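# A structural walkthrough
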Amino acid sequence: MLRCYELQHVSESMFVGMCQMVGTSKQVAIRRETADIDDMLHRQIITNKEVIEMLSGSHREGFRLKGSDFDYMFWPNDHRVIIDMSQYCNTANTTLILSDSSKSPPGFALLELLTRSRYRQVDLACVTLNERVYISSSTYRQLTCSSVIPNSIEHGPCGSGYIGETIEYDIAWSFVSDCWPPSASSWIDRCHSWPGPEVVDDIIRNGFHFVAIGHPLGPHKNEEWRISFSQAEYKIVNSMNHCQFLTYGLLKLFLKEVMNQQSEDTNKLLCSYHMKTIVFWAIQQNTLPYWCPQNLLAGFWVCFKLLLKWVYEGVCPNFFIPQNNLFLTKIHGHAQNRLFLQLHELYKKGLACLLQSYSIRSYIIDVLYNPTLSICTDESTLRSQVDYDVELITESSLVSIDQDDLCDLPKVMHAIEQLVYSPLTHYQAVTLQKLTASLFQYVAFQLQNMYTNTGYNKQLYIADKLSCQMLKLAAKFGCVSDLLYIAMYYYKTLRYREALTVLEMTKVKLVQPYLMYMGLVDRERYTEAVGGLSWSTKMRQAIAWDLTLDNNICYISDLLLEQQSALQDSSVQVSLIPVFVMLHFLEFLCYRHVDTTLSQAALYELQIMVHHDQGRFVGEMQRDISWEILGICQQITGNLRAALYSYKQSLAVYPFNNIQTATRRRIQDIVSQQ
C-alpha cells in the first residue's frame, strides 16, 4: 500500500495527466463560457421561437474526451408543465400540461394535457386513461425521434446516431416546467454547504424537464415521463472546483477503460450518469475535507468505495430524488452479484487497479519508478497560450445564430448590444465578436438579394454601399477567412478584378507559415508572429476557419442548387466550405472573366487539393462539398468526364452538407449531354 506522501506524489502526477487529457481549468472555462454566451444570446431572442434547444451532458459540462457524445434537449416554447391546479392560468398562447405523479414511481409522472396543443406530434401522442387525456411518452418519442436529424434510432428517451464516423449525438424531446418538483424538495434541505445558496436558488428558479421515457416497472411505462435535471446538473458541475471535476473525469475514464472491460455480462450495467451521481453525493456528504491535486486519488477512492457499497446494496439514489433508485431495473439478482464480485476484485487491488487503464497508467508508473520526480501542478505550466488560442477558436466556432432568429434582425441586434454592455469574460467577448462579424456578413448578402431585382437604382446603390461597409467591418474584427466574403460579394456583383485583388491579399495571409486553421498550427512560428498580441490582431492576421453559408441566402449562383438541395431534403440551414477550397473556387470563377490561363491554374490547384489532401485543408465533414465544387468547375470548363468522377466521389463520402439531390441532378445533366 502506498504511504501518505507517495500517494500525494502519485496524485499530483495524476492531476497533471488528467489536466492534459480532460483540460486545465482555463480550457474548461473556455468551453463553458463560450457555450454560456450562446445560451445568453438565445435567451434574449427566444420569446417568439417555437422550439428551444439546449446543449446538455458531458460536452456542455466541459469534457472533450474521445467518444464523448453531443446531448441536446428540445422542447416547445409555448408548452408548460404545472405541478398542481393552483398554478393553472388560462392563457391563449400557452399549452398547459399537469404533472400527475400519484400513480408513478419516484422520479416519474404522467402528463395530462389540459389545453389544446398546436403541435401535431402532441395530438397524435395523446391517450385516454380514466377519462383524462395524457401524452404518451413512448408514442411522442417515436414521433419526434428523427425530427431533428433523419434516420435517428431510439435510445432511451433520445433519438441517437452518428455524424460521420466519430461524432455521436443524443437528442431528447421534452417538456419544461418553471416550478421545482415537490419530490425533490429534500435536495434543497440537504444543500447546507454545497452547492452554495446562489447556485441552489438559480437551479430552483430555472425549473426542470420531463423526457419521454417511463419507468420499466411502472404501471404506465408507455405513458410515464421521467423527470430530468440536466440543466441543474450542469450548474452543479460548474460549481465544482477543478480537482472535483477531474475526479469526475477520472471516474468516467475508469468506467470506460476498466470497469466496462471486465465482462460482457456487466459492461453496460454502469454508465457515466452513475459516476456523476457518485461524485455529487461524495462532495455533498463532505467525505473528503480538501479536494486538491494532492488528494485526487483519495477522492477517486472515496467515490469507488461508495460505488461498491451501492452495488452491494443494489441502490443508487438519484441526487435530487433519493427515492428514485437508478439501479432498480438493471443492477439486481445475478447481474448485481457478478458486478459486485468484479468491482470487489478491483477494490482488493487498491489504487493499483488504475494501472488497468491505458490512458492513466503511465502517470502512475512514472512516479513509482522515479519517486524523486518533480511534479509541478501549477496549471499555468501545463498549457501554452497557443493551446488556449486553439481551444477558444474551436469552441467559439460552435456558437451561431439560427436562421429563425435572423428573421427578426432588430431583436438580434438589440440582444447583442445588451450583451456587449453586460459583464462578459474575455472568452465570451471574443465569441461575441466573431458572432457579430457573421451577422454583418449575413445582413450584407441579404440586403444585396433584397434590392437586386427591385428596379430602383438608388435603393440598390445604397444597399450595395451598406453591404460593402458591413463586409469590410466584419473583416476588420473577424479573421483572415472573412475576407473571402468580400471576394464572394464582388464576384456576385460582377466586380471580378476587385474580387481578385481581395483574393490575392487573402492568399498572402493564408499561406503564412504561422496560420492557425482547423486547430492545426506551427506553434513556434505562431508564437513568434503573434504571441502576446491582442486577440483581435491574432484573428485578423493568423486565424482562419471554414466558411459558413446560410442556405436561405444566395451568396454565389454557382452553389445555389446545392443550398436549395440541403434545405429541401433535410432542412440543413448552413453549408460549411473549407477556406482553401473556396479560395481556389473563387479564383477560378473570377479569372474566367479576366484571364483563362490563370483560371486553369486555379482549377489545377483545387484539383490537387481535393484529390490528395489528407485532412490538412479539407476535413472529413467537408469532402462532399469539396468534391462537388471541383465537379462544378470541371463541368464549366467542359471536362465532363472529370466532373462526373468528382460528383460520384461527392456521393461516396459522408453526406454532411446534404447536397445529394443537387449532385444527382448535375450527374443527370452530364449524362444527358453525352
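Here's a quick rundown of the structure. Quick caveat: nothing in here was measured; it's all calculated off a predicted structure.

## Things to note about the packing of aromatic side chains
The full count for this structure, using the stated rule, is 31 aromatic pairs. For the ring pair F580 and F617, a centre distance of 4.7 Å and an interplane angle of 65 degrees mean the geometry is edge-to-face. Taken together, the residues F580 in helix α24 (residues 579-591) and F617 in the loop between α25 (596-612) and α26 (623-637) connect sequence positions 37 residues apart. The exposure class of F617 is partly exposed, given its relative accessible area of 27%. Ring-pair connections join several aromatic residues into one group, and the members of that group are W180, W187, W194, F208, F210, F229, F280, W281, F319 and F320.

## Observations regarding the side chain of K276
Its location among the elements puts K276 in helix α10 (residues 272-284). When its relative accessible area of 7% is taken as the criterion, K276 is described as buried. Side chain to side chain, K276 and E61 meet in a polar contact 2.7 Å long. In contact with K276, not counting residues within four places along its chain, are E61, E233 and Y248.

## Re the pattern of salt bridges
Applying the stated criterion to the full structure yields 24 salt bridges. The shortest N-O distance in the salt bridge between E154 and R141 comes to 2.9 Å. Here R141 lies in helix α5 (residues 137-144) and E154 lies in strand β8 (residues 153-155), a separation of 13 residues in the sequence. Ionic pairing is found between K538 and D389, a salt bridge with its closest N-O pair at 2.9 Å. One end of the pair, K538, is in helix α22 (residues 535-542); the other, D389, is in helix α14 (residues 385-396), and 149 residues separate them in sequence. By the burial criterion, K538 is buried, and D389 matches it.

## Some words on the nonpolar core
Core analysis: the biggest nonpolar cluster contains 97 residues, and M259, F320 and L343 have the highest contact counts within it. A total of 12 residues in this core trace back to one element, the largest contributor, which is helix α11 (residues 296-313). Apart from the residues within four sequence positions on either side, F320 is in contact with W180, S183, A184, S186, W187, F229, A232, E233 and I236. By size, the runner-up hydrophobic cluster in this structure holds 70 residues, among which are Y555, V581, Y591 and A643.

Reading guide: rules and limits
Residues numbered from 1 in each chain as written. Predicted model: local features only at pLDDT ≥ 70, side-chain atom pairs only at ≥ 80, totals over all residues. Heavy atoms only, no water. Phe/Tyr/Trp six-rings, centres within 6.5 Å; stacked < 30°, edge-to-face > 60°. Helix = DSSP H or I, 4+ residues; strand = E, 2+ residues; numbered from the N terminus. Buried < 20%, exposed > 50% of the residue type's maximum accessible area, 1.4 Å probe, protein only. Polar contact = N/O pair within 3.5 Å; in protein donor to acceptor, adjacent residues only side chain to side chain. Contact = heavy atoms within 4.5 Å. Salt bridge = Lys/Arg side-chain N within 4 Å of Asp/Glu carboxyl O. Core = buried A, V, L, I, M, F, W, Y, C linked by side-chain atoms within 4.5 Å.

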